[in-house]
Amino acid sequence: MPRISPRNSAPTSPRALASPKEVADYLGVPVPTLYQWKYRGIGPQVHKVGKHLRYRWVEVDAWLDRDMDLAS
């Protein structure tokens, strides 16, 4: 199965949820940075699924778009 970019496939992908590692790789930051952002309430929205943290790709992209707008 070919690997599809999350940004292009988020709304229709069956893998709409991402692990912290996947999001960290996508954003180009270390995983501990995501945990720090979660603690400080400044990162993309994160959800607990059982005992695991998961991100919705659409929310990661929305957060990234908002963050870029604030930086301009």
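Being a predicted model, the structure only gives us computed values, none of them experimental.

**Considering the overall build of the protein chain**
Along the backbone of the protein chain there are four helices and three strands. In the protein chain, the order of α-helices and β-strands from amino to carboxyl end is α-β-α-α-β-β-α. Classification of the 72 residues of the protein chain by burial places 25% in the buried group. Considering only residue pairs separated by 6 or more positions, the protein chain has 52% of its internal contacts joining residues 24 or more positions apart. Here the protein chain has roughly 5300 Å² of accessible surface; of this, 55% comes from carbon and sulfur atoms.

**Section: the side chain of D61**
Tracing the backbone shows D61 in helix 4 (residues 57–71). When its relative accessible area of 10% is taken as the criterion, D61 is described as buried. One polar contact links D61 to Y26, side chain to side chain, over a distance of 2.8 Å.

**Remarks on the sheet that holds strand 2 (residues 47–49)**
Taken in spatial order, the three strands line up as 1-3-2 in an open sheet, and their pairing is antiparallel. Of all the strands in the sheet, just strand 1 (17–18) and strand 2 have a single pairing partner and so form its edges. Two elements, strand 1 and strand 3 (residues 52–56), share two bridges in a ladder whose sense is antiparallel. Opposite A18, over in strand 3, you have Y55 as the bridge partner.

Conventions we followed
Residues numbered from 1 in each chain as written. Predicted model: local features only at pLDDT ≥ 70, side-chain atom pairs only at ≥ 80, totals over all residues. Heavy atoms only, no water. Helix = DSSP H or I, 4+ residues; strand = E, 2+ residues; numbered from the N terminus. Buried < 20%, exposed > 50% of the residue type's maximum accessible area, 1.4 Å probe, protein only. Contact = heavy atoms within 4.5 Å. Areas by Shrake-Rupley, 256 points an atom, 1.4 Å probe, with all protein chains shown as cover. Polar contact = N/O pair within 3.5 Å; in protein donor to acceptor, adjacent residues only side chain to side chain. Pairing = 2+ DSSP bridges.

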